[in-house]
Amino acid sequence: MASTRSADRDIVTHSSSAGPSSSSTQPLLHDHYRNNNNHETEESDFEDETHPSTNNTDLNDDMAGFFASTTGMTRLGMWRAYWLGFVVCIGGFLFGYDSGIIGGVLTMPSFEADFNYGAAQKTNVSSLAVSLQQLGAFVACFAIWPVTHAFGRKWAIAACAFIFCLGAAIETINTHSRPAFYVGRVIAGLGLGGSSVVVPMFSSEMTPKQLRGQIGSFYQLMYTLGIFTSYWIDWGVAKDYAKSDSRMWQIPVGLQILWAGLLGIGMLTLAESTRWLTAVGRHDEAWASLKWIRADDGPLTQAEMEEIRAGVELEAHAREGFRITEMIQGGNLRRTLTASAVFTAQQATGATAFAYYGPQYFKLLVGNKGNSDLLLTAIFGAIKVAACSLFVLFVADTVGRRKILTCGALFMAACQLSTAAVLKTHPAAADARVTPSGIATIALIYLFVIAYNFSWGPLPWPYVSELFPTRIREPGIAVGVASQWLFNFVFSLTTPYMIKDMGWATFLLWGLFDVCIAAFAWFVLTETQGKSLEEITNVGSSRSASGKAFMDDEYEDGHGEGHMMRSGGKTPDVEIK
């Protein structure tokens, strides 16, 4: 029997036709992986290796408490992983900037004058201008899947950046035509939605498991930075330009092209996904990609390459000839439903609607006086950045995902329900003067956004990208992110009407949603923190420690070992110890 140690566990393959008791030697890594690196390593080296090679510097001593545990990583490999996370998550910055910019732009007198609408049409224009982009993004979630499957992650993200630039350019030109502006929003949405699918996929496939939660959370951090930037730009142009000056809205809208251009150019500095290259049979390039991102070609990196190849091969053999119906079969159905539910819950917290319509919400809370709504929204954005930064740096990979999501939802519920109660009994003053109740509601909303950025803001992106095996990762993440965009569309379409017609009850609705979300997180989600993608997709978690296991229905419990689902005698059984 051939056994290969990968980091801290053995992968053992058995011939399913002969039964678990029989085994055969089955090399999981082609010889050229070893021949192409400078360390000629015998098979026994993998059996006995328990510590990183001399090239792998333990960074815990000087990085403890700031970065996640980086045992077994080179310093250069760590920084390359962070660089990759930063570049691809410019897509998150773009998402956040667009989310934040539009709410302020829609309140600007010059925009209303250039596109010829008045107070009677304001709610309708706001609803369409925001929601049509979400509709384009929803469509792109499915359209991008065959693109990234055929051409890889790197070039799919670059193409999305180019498409977004086209849409943003149409938006920026002062056509005096609302339909033209709406078309630009839809086109930009296609680029934004496509990148939102591929970015977490690329990030999870390339980053080491020690940093995957932290770097995966970069997407939300960059999203909050984008919102923060957009709010202050909105406030700045509203303060410095005349109300009739078209540059008041063209500058913030046009800056989107810069951010999308940086994303496209940044992709040229990265290697293609190791797992995708392995899946399409480009093994030399896959090994080169892994060596680049880890900045190492020692035994642990070789062992990781073997594990990736083994995982891809086993998944490919498990169900040859992929069919879309596989997404709703066996354990995949639970994965698909979980991914969809997680992103739906993220939107149902109410935080994204607040990001789009921050000025309108603050008018509801404290009235309207000058640019006070834009200033309060800008402060809101700064708090988002501070909270998300603290989470990514100190919490992301140190506390279980399930606990954070549950506690975050409960805290958000308390804030929203309290806001509803205060606003019901003490409505905003007609003259927009400062009142104790107004200060209280603003404080509650700021506490709400802190809780969101410590839980449901950053975690859904890495969590969903961790759920799926390589074989169904593209369509799985696409379905999950499509749910995010679908309910983003639903809530962005309805929020202006909710604010107008429901008033204080809007916060009551979000609070009740948050209570339901907390129950969902605690009773349904399983724990993925600290596990490799292969562990998550091949091994069911303990119910007692981590909620319900994803693969309970696909595994037998024999002598305490996990056994991979048998599929017509074709799939080798896998035992991970």
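Here the structure is shown first, and the text comes after it.
Residues numbered from 1 in each chain as written. Predicted model: local features only at pLDDT ≥ 70, side-chain atom pairs only at ≥ 80, totals over all residues. Heavy atoms only, no water.

Draft legend 1. Representation of the overall build of the chain in the model. Check the secondary structure of the chain and you find 26 helices and five strands. Here the chain displays about 21,400 Å² of accessible surface, and carbon together with sulfur accounts for 64% of that area. (Helix = DSSP H or I, 4+ residues; strand = E, 2+ residues; numbered from the N terminus. Areas by Shrake-Rupley, 256 points an atom, 1.4 Å probe, with all protein chains shown as cover.)

Draft legend 2. Inspection of helix H7 (residues 122-151) at higher detail. The first and last C-alpha atoms of H7 sit 42 Å apart over 30 residues, in line with the 44 Å expected at 1.5 Å per residue. Considering bend angle alone, the principal kink of H7 is centred on Ala143 and spans about 35°; proline Pro146 follows within four residues of it. (Expected span 1.5 Å × (residues − 1). Bend = angle between axes of the 7 residues up to and from the residue.)

Draft legend 3. Region of the structure containing the packing of aromatic side chains. In total, this model carries 27 aromatic pairs according to the counting rule given. A centroid spacing of 5.9 Å and a plane angle of 25° characterise the contact between Tyr82 and Phe218, whose relative ring orientation is stacked. Of this pair, Tyr82 sits in helix H4 (residues 75-88) while Phe218 sits in helix H11 (residues 218-240); the two residues are 136 residues apart in sequence, bridging distant segments of the chain. Accessibility assignment for this pair places Tyr82 and Phe218 in one class, buried. An aromatic cluster of at least three residues, connected via ring pairs, comprises Tyr231, Phe354, Tyr361, Phe380, Tyr446 and Phe507. Here Lys239 stacks its cationic end above the ring of Trp235, 5.3 Å away from the centre of that ring. Here the guanidinium or amino end of Arg402 rests over the ring plane of Trp522, the centre of that ring lying 4.1 Å away. (Phe/Tyr/Trp six-rings, centres within 6.5 Å; stacked < 30°, edge-to-face > 60°. Buried < 20%, exposed > 50% of the residue type's maximum accessible area, 1.4 Å probe, protein only. Lys NZ or Arg CZ within 6 Å of the ring centre and 35° of its normal.)

Draft legend 4. Quick look at the environment of Met305. Take Met305: it is sitting in helix H15 (residues 299-318). With 19 residues separating them in the primary sequence, Met305 and Ala286 have C-alpha atoms 8.5 Å apart.

Draft legend 5. Representation of the pattern of salt bridges. In the structure shown here, the tally under the stated rule is nine salt bridges. Here Arg185 makes a salt bridge to Asp98, at a shortest N to O gap of 2.8 Å. Residue Arg185 is found in helix H9 (residues 178-206), and its partner Asp98 is found in helix H5 (residues 90-105); the two are separated by 87 residues along the sequence. Judged by relative accessible area, which is 1%, Arg185 ranks as buried. Under the relative-accessibility criterion, Asp98 is labelled buried at 0%. Salt-bridge contacts for Glu285 lead to Arg282; the nearest nitrogen and oxygen are separated by 2.8 Å. (Salt bridge = Lys/Arg side-chain N within 4 Å of Asp/Glu carboxyl O.)

Draft legend 6. Region of interest: the side chain of Glu171. Note on placement: Glu171 falls in helix H8 (residues 153-172). Among all residues touching Glu171, those that are not within four sequence positions of it are Gln133, Phe181, Gly184, Arg185, Ala188, Trp249, Val253 and Gln256. (Contact = heavy atoms within 4.5 Å.)

Draft legend 7. How the structure looks around the packing of H8 against helix H12 (residues 247-266). Taken N-terminus to C-terminus, the directions of H8 and H12 make an angle of 165°; their axes are 8 Å apart at the nearest point. Viewed along their axes, H8 and H12 adopt a mutual orientation that is roughly antiparallel. The way H8 lies across H12 gives a crossing that is left-handed. Residue-level contacts link Ile157, Ala161, Phe164, Cys165, Ala168, Ala169, Glu171 and Thr172 of H8 to Trp249, Gln250, Val253, Gly254, Gln256, Ile257, Ala260, Gly261, Leu263 and Gly264 of H12. Split into classes, the residues belonging to the contact of H8 with H12 amount to 11 nonpolar, six polar and one charged. (Axes fitted to C-alpha atoms, helices over the stretch in contact; angles between N-to-C directions. Parallel < 35°, antiparallel > 145°, perpendicular 65-115°, else oblique. Left-handed = near helix turned anticlockwise from the far one by under 90°. Nonpolar A, V, L, I, M, F, W, Y, C, P; charged D, E, K, R; others polar.)

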